[in-house]
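Given next are the chains, with one letter for each unit.
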Amino acid sequence: MTRGRIRSKIRRSNLYTFSCLQPQTTDTEGPNAVQGSRVVHCNQPHLHLKKPLKYCSNFISTTKYNVVTFLPKAIFEQFRRVANLYFLLAAVLSLTPISPFTPVSMIAPLAFVVGLSMAKEALEDSRRFVQDMKVNLRKVSVHKGDGVFGYRPWHKIRVGDVLKVEKDQFFPADLLLLSSSYEDGICYVETMNLDGETNLKVKRCLETTLSLDDDESFKDFLGKIRCEDPNPSLYTFVGNLEYDRQVFPLDPTQILLRDSKLRNTAFVYGVVVFTGHDSKVMQNATKSPSKRSTIEKKMDYIIYILFTLLVLISLISSLGFAVKTKYQVPDWWYLQPQKPDGVFDPTNPSLSGFYHLITALILYGYLIPISLYVSIEVVKVLQATFINQDIQMYDEESGNTAQARTSNLNEELGQVDTILSDKTGTLTCNQMDFLKCSIAGTAYGVRSSEVEVAAVQQMAIQEEEEVDLSNFPKRRGGRPVSRDNVERASEIELETVITSSNENDLKPTIKGFSFEDSRLMNGNWSKEPNADVHLLFFRILAICHTAIPEYNEATGSFTYEAESPDEGAFLVAAREFGFEFFRRTQSSVFVRERYTNSGEPVEMEYKILNVLDFTSKRKRMSVIVQDQEGQILLLCKGADSIIFDRLSKNGKMYEETTTRHLNEYGEAGLRTLALAYRKLEESQYATWNNEFQKAKTSIGGDREAVLERLSDMMERELILVGATAVEDKLQKGVPQCIDKLAQAGLKIWVLTGDKMETAINIGFACSLLRQGMQQICITTTNSDALVKDGKEGAKENILNQITNATQKIKLEKDPHAAFALIIDGKTLGYVLDDNMKHQFLGLAVDCASVICCRVSPKQKAEVTRLVKEGTGKTTLAIGDGANDVGMIQEADIGVGISGVEGMQAVMASDFSIAQFRFLERLLVVHGHWCYKRIAQMVCYFFYKNIAFGLTLFYFESFAAFSGQSIYDDWYMLLFNVILTSLPVISLGVFEQDVSSEVCLQVSMLITPKVVLPPYSSYPCCNTYTSTMLLQFPALYQQGPKNLFFDWYRILGWMGNGLYSSLVIFFLNIVIFYDQAFRVGGETADMEAVGTTMFTCIIWAVNCQIALTMSHFTWIQHLLVWGSIVTWYLFLFLYGMMSPLISGNAYQILVEVLGPAPIYWAATLLVTITCNLPYLAHISFQRCFNPMDHHIIQEIKYYKKDIEDRHMWTRERSKARQETKIGFTARVEAKIRQLRGRLQKKHSSNLGAS
């Protein structure tokens, strides 16, 4: 607590020039012109209980349903399915006398299907509700009156309440900052949940409220805020505070937004301005959408087709019945036509035909399978279980597994075209590590970055494969350049990459410090040439910052609370190099220097005279200090492009070598800064400081410009010292995952709230960007012309940039050229306008990668909607924070990272994973499997129901369209419930492209040193099979191209069903018609023919599904062949029952069908005839037009991967989509570069000879 009070006494505003300093408010400064009707009575929340000042509560909800809306909305969701609407109508009609079935047989299945789906929806939404309540029930300290504060749940906070928020707590609502633990009202806020930025934001209260710094001071506090109405803009706020008979203007620097966190500050007081869904973060949120997969939407069209067919054959049947009733029923005396009942009324055939139409619509309902939805729900739940059980997606560090939070979109995972990803916390770990540096023109640091290591691993894999060197130049003797020479050249390029073969050596032992180089450690830097420059370098690291040290008693060292992770990494590095920053006062910083000439540690004091803080516009930070010897120094760190332009003539000694090192660091995906200094004379500084202090306290509108001009004046004539390279630690496996996803043909966009420079650095780190890739930056400029023209001028300028960039891409002739589109949030605000968004989307689609930076949560959602609707393809959004909820909900599939930023993204998501790298397995393995399984399952379902349902219609023509079924009622009931449902479920759950044996060989071939743990006990979840998919990522493109559920395939399966129905019915009729069936010469009756037909259907459809499957387990064998056995077992047991139960089927198998050879012969003949065309089709396809998985299966079956490695290598390389992003593209670019060098060298040698 003592340390906190000491820190609180520091007037932090003295450390900042631009971001939070405000001049004293005077009478000449007028209030803001507020456009809004919101009035907030501070410390009087009871005035907001009645209209017009009654505002929404602080209760938030992200659920799709509530108690009132669940039934109507959930029922609406269920009856959006066309088939359910049909069965609802059929269930209603079953209550009438004209129904061929009992009401229970129609209502019970529908209620079961709808009820099961609604229960699943309720369960999934209840999880969101539980998480919402965890947030709503958080506690915060609220002023209860008379200067007394007490804790209250978030959801009970009201507008006007005064809150006391303590360190590391989230703000429960949008607050106006009144005071803080620092005496000048400074506080630090982390907005990672809002905009993804990890650096801390500085907020400062009004001077007039500084005295409200303890609980007692709020006893008589009253005030009134007039401000803007609720809106989604995170970076703007307009309002006035009426307090103490004065009006004070408010701006965003005084506003603390909900879901941001208080950091480095003991406590703050604030008054609630916006609550609940009025808060800016919730204004950026979108309502939980109802998502349906592409296959499910397409199923509706298939249902339309089948329903049209149903109506057509029902009309034919009713017309035939009307004709029969009018002309033939009067002659059929046994029907007693003299007693018409409406259904059989020869005097009114039209009415009889109408009644029969309704009967036929119900009777032929087997064309539209109600069990399809139940089967799909069961399959999807089992698929989701396998996703949840996948040990390969288990994160040991967090203990989190993958979770399919909704099973409705499993197959959609296999059809993704574009991934839109957050950066902070999704791609990165929010951790910076000091890795390399350049001092006095010498590069230090031997450890490789993650980018370098992964690139070398990728090249090592490619070395296993044969590289076509036929285009390489030949030597003088006619022999081609050997691969060894290429590899040797590659080694020269990557000589600094591999530093250790032990993977454990790559792990940093100190957080924030991964540097390794004995030349600088343990004081050895003093033995280096230019040791004085090294000394300056380390002092700049230890002094040029605004951080606060905190002593960690557990470790015995200091930790640092810095504004940005970079700054913290620099201080840790300085400490490890022997320059430990350990104390800060109002005017000084103290550094303990361990390695001195005397050999004893020395505590050095540096007086802080001025801090010229970092802004995104300045791209640099400087401190002016005075050392113990009285020397005044300006110490500066910033972007190399900025620093190099400010170097003096004698300060460029190391510029050339440092530039080369910076380029190398950039290629390695590192974030770089240049360090420089300047010695100042006292008189020179005094003159400048007088002007600077006047500018700081001025009130005019040009204050910022004057401060910038004076800062720029001082930050000139610098002397370069060196450069730093820190690694923004990517999450484990991110570059490799992006590379595999790119090879699978997926496009990747990054949407981040970070600055453009940070986003670009991360783009390089994860290989979305690379050296040689042309960057297209679309930005708004601040030229005078545009200021005059206003919004229209800015739009025109942006449109010209987009048009020029599009033209540039079209005119590019190099096939290997790659373009990256980079755009900021301000520009995006113009681009998303209806007049420009399609041009922007066209440009973005033509680029290899797209990075949108400084975007708000709402813009993330808008970009996602633009991509989804503009391309018409499946989008996936992935993020981990509250700022990602909008795009997660807007995308076709939302994936949440269960990281450290809370659970908002996870609760809004459809799937959750612990690390970004698991997205590869989720899509390429589970997505591919689920898509193919569901697609084949749905096609097969329609096939078998058409094959079965149309036989009922054919029989009607032989039965005077009377509505009589040729099948026993129990046969029809069991057809979809037992006899054909389990095999199709096994297809949807266990089908795979390749067998486990094949994948075992692949995993051993590709990763011989890796021992893969067991995946799970489920037969479908074979690790090696999934490894196969990861080695052949192009197999994934079968989903986005929709090869297994396009209209060609759907209509093909429906045609197959039509063909099978014709064969089953008419071939049996031909066989049994006028044929002796029994020994006594009797012909077969309707029961015998119907049972034989049904036997043929069971055999045909089950053999068909066996031919469809590529991969069999014992479960599939059991269910497929077991279904056929079950049919005979049922026929035997059903025939053994009393004739009162079995009716005409009494002893049907034992006495009627079993002894008749014609029954068995007909079954065999019809089954072969039904399946022969499909067998011929797949044989022809495999021979003359094979698909990717067919080739792989045959290569592995004939062991060509072992006997003919050239074929195996060729097919593996073909199985990768051509890509311009990722490590593969980076390595291929380097190989092309090496080839070019070799060709150039060869040409020069020929010229010399």
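Residues numbered from 1 in each chain as written. Predicted model: local features only at pLDDT ≥ 70, side-chain atom pairs only at ≥ 80, totals over all residues. Heavy atoms only, no water.

Undergrad: I'd like a rundown of the nonpolar core, residues and numbers included.
TA: Within the largest apolar cluster, 112 residues are counted, with the highest numbers of intra-cluster contacts made by Val-938, Tyr-967, Tyr-971, Phe-1045, Phe-1077, Phe-1094 and Trp-1127. Among the elements that take part in this core, helix H26 (residues 918-958) stands out by supplying 17 residues, more than any other. Apart from residues no more than four positions distant in its own chain, Phe-1094 is found in contact with Phe-948, Tyr-967, Tyr-971, Phe-975, Leu-979 and Trp-1127. Phe-537, Ala-569, Phe-579 and Phe-582 belong to the second largest nonpolar core, which has 73 residues in total. (Core = buried A, V, L, I, M, F, W, Y, C linked by side-chain atoms within 4.5 Å. Buried < 20%, exposed > 50% of the residue type's maximum accessible area, 1.4 Å probe, protein only. Helix = DSSP H or I, 4+ residues; strand = E, 2+ residues; numbered from the N terminus. Contact = heavy atoms within 4.5 Å.)

Undergrad: Lay out the confidence of the model for the chain in plain terms, naming residues and giving numbers.
TA: In the predicted model, the chain carries a mean pLDDT of 80, and the fraction of residues at 70 or more is 83%. Predicted confidence is poor over residues 1-9, with pLDDT under 50, and the contacts of this stretch with residues over four places away or in other chains come to 13 contacts. (pLDDT = per-residue confidence, 0-100.)

Undergrad: Quick rundown of the environment of Tyr-931? Include the residues and the values.
TA: Inspection of the secondary structure assignment puts Tyr-931 in helix H26. Look past the residues within four positions of Tyr-931 in its chain and what remains in contact with it is Ile-295, Glu-411, Gly-414, Gln-415, Gln-1038, Gly-1039, Asn-1042, Leu-1043, Phe-1044 and Phe-1045. A polar contact is formed between the side chain of Tyr-931 and the backbone nitrogen of Phe-1044, at a distance of 3.0 Å. (Polar contact = N/O pair within 3.5 Å; in protein donor to acceptor, adjacent residues only side chain to side chain.)

Undergrad: Explain a negative patch on the surface to me, using residue names and the numbers behind them.
TA: Taken together, the side chains of Asp-146, Asp-213, Asp-214, Glu-216 and Asp-220 make up a negatively charged region of the molecular surface. Within the secondary structure layout, Asp-146 lies in the loop between strand E2 (139-145) and strand E3 (148-153). The exposure class assigned to Asp-146 is exposed, which follows from its relative accessible area of 58%. (Patch = residues over 30% accessible without salt bridge, like charges linked within 9 Å, V, L, I, M, F, W, Y side chains within 5 Å. Areas by Shrake-Rupley, 256 points an atom, 1.4 Å probe, with all protein chains shown as cover. Salt bridge = Lys/Arg side-chain N within 4 Å of Asp/Glu carboxyl O. Lys, Arg positive; Asp, Glu negative; His and termini not counted. Charge placed at Lys NZ, Arg CZ, Asp CG, Glu CD.)

Undergrad: I'd like a description of the packing of helix H31 (residues 1047-1072) against helix H32 (residues 1086-1108), backed by residues and values.
TA: One can describe the packing of H31 onto H32 by two numbers: an axis separation of 10 Å at closest approach and a directional angle of 145 degrees. As for how H31 packs across H32, the hand of that crossing is right-handed. Touching Trp-1053, Asn-1056, Ile-1064, Phe-1065, Asn-1068, Ile-1069 and Phe-1072 of H31 are Val-1089, Thr-1092, Met-1093, Cys-1096, Ile-1097, Ala-1100, Gln-1104 and Thr-1108, all from H32. Across the contact of H31 with H32, the residue classes break down as ten nonpolar, five polar and no charged. (Axes fitted to C-alpha atoms, helices over the stretch in contact; angles between N-to-C directions. Left-handed = near helix turned anticlockwise from the far one by under 90°. Nonpolar A, V, L, I, M, F, W, Y, C, P; charged D, E, K, R; others polar.)

Undergrad: Mind laying out a nonpolar patch on the surface, listing which residues take part and the relevant values?
TA: Taken together, the side chains of Tyr-301, Tyr-304, Ile-305, Trp-1047 and Leu-1051 define a hydrophobic patch exposed on the protein surface, amounting to about 500 Å² of accessible area. For the nonpolar patch, the elements supplying multiple residues, two or more each, are helix H7 (294-327) and H31. The leading source of residues in the nonpolar patch is H7, at three residues. Its place among the elements puts Trp-1047 in helix H31.

Undergrad: Could you give me a rundown of the packing of helix H27 (residues 969-979) against H32, with the residues and numbers involved?
TA: Two measures define how a pair of helices packs: the angle their axes make with one another and the distance between the axes. Across the interface, H27 lies against H32 with an axial gap of 12 Å and an inter-helix angle of 15 degrees. Considering the angle they form, H27 stands roughly parallel to H32. Crossing angle aside, the handedness with which H27 passes H32 is right-handed. From H27, Tyr-971, Phe-975 and Leu-979 reach across to H32, where they touch Glu-1087, Thr-1091, Phe-1094, Ile-1097, Ile-1098 and Asn-1102. Here the residues of the contact of H27 with H32 are counted per class, giving six nonpolar, two polar and one charged. (Parallel < 35°, antiparallel > 145°, perpendicular 65-115°, else oblique.)

Undergrad: How would you summarise the pairing of strand E24 (residues 632-638) if you had to cite specific residues and measurements?
TA: Taken across its seven residues, E24 has seven buried, putting it largely inside the fold. Sheet topology note: the strand E23 (residues 620-626)/E24 ladder contains seven bridges and is antiparallel. Note that in E24 the partner of Ser-622 across the bridge is Cys-636. As consecutive antiparallel partners, E23 and E24 are separated by five residues, and within that stretch Gly-630 has a phi angle of approximately 90 degrees, a positive value. Across seven bridges, E24 lies against strand E25 (residues 671-680) in antiparallel orientation. When the bridges of E25 are listed, Lys-637 appears paired with Leu-675. (Pairing = 2+ DSSP bridges.)

Undergrad: Can you tell me about the UniProt feature "active site" (unreviewed entry) in the chain, naming the residues and giving the values?
TA: Within this structure's numbering, the places UniProt gives as "active site" (unreviewed entry) are Asp-422. Counting through the fold element by element, Asp-422 comes out in the loop between strand E15 (416-421) and strand E16 (428-439). With a relative accessible area of 1%, Asp-422 lands in the buried category. At 3.2 Å, the side chain of Asp-422 forms a polar contact with the side chain of Lys-860. (UniProt positions renumbered as here; feature names shortened; annotations may be inferred.)

Undergrad: How would you sum up the sheet that holds strand E14 (residues 403-404)? Please name residues and give values.
TA: Strands in a sheet are paired, the pairing made by backbone hydrogen bonds, and the direction either parallel or antiparallel. Spatially, the nine strands line up as an open sheet ordered E14-E33-E32-E31-E15-E27-E30-E29-E28, and their pairing is mixed. Sheet topology places E14 and strand E28 (774-778) at the edges, where each strand pairs with a single neighbour. As paired elements, strand E31 (residues 874-879) and strand E32 (residues 893-897) share four bridges and run parallel to each other. Bridge assignment links Ile-878 to a residue of E32, and that residue is Val-895.

Undergrad: Account for the pattern of salt bridges, naming residues and giving values.
TA: Pairs can form between side chains of opposite charge once their charged atoms are near each other. In the structure shown here, the tally under the stated rule is 35 salt bridges. In this structure, the salt-bridge partner of Arg-519 is Asp-517, at a minimum N-O distance of 2.7 Å. Of the residues examined, Arg-519 reaches a relative accessible area of 32% and is grouped as partly exposed. Note that Arg-620 is salt-bridged to Glu-715, the shortest N-O span being 2.6 Å. In this pair, Arg-620 sits in strand E23 while Glu-715 sits in the loop between helix H17 (703-714) and strand E26 (719-730), placing the two residues 95 residues apart along the sequence. Exposure remark for Glu-715: the relative accessible area of 0% places this residue in the buried category.

Undergrad: Outline the pairing of E23, supporting the account with residue identities and numerical values.
TA: A regular strand carries its side chains on alternate faces of the sheet. Burial analysis of E23 places seven of its seven residues in the buried class, the great majority of the element. Of the two faces of E23, the one holding Arg-620, Ser-622, Ile-624 and Gln-626 and the one holding Met-621, Val-623 and Val-625 are both buried throughout. Pairing geometry for strand E22 (residues 602-612) and E23, over five bridges, is antiparallel. From the neighbouring strand, Ile-608 faces E23, where its bridge partner is Val-625.

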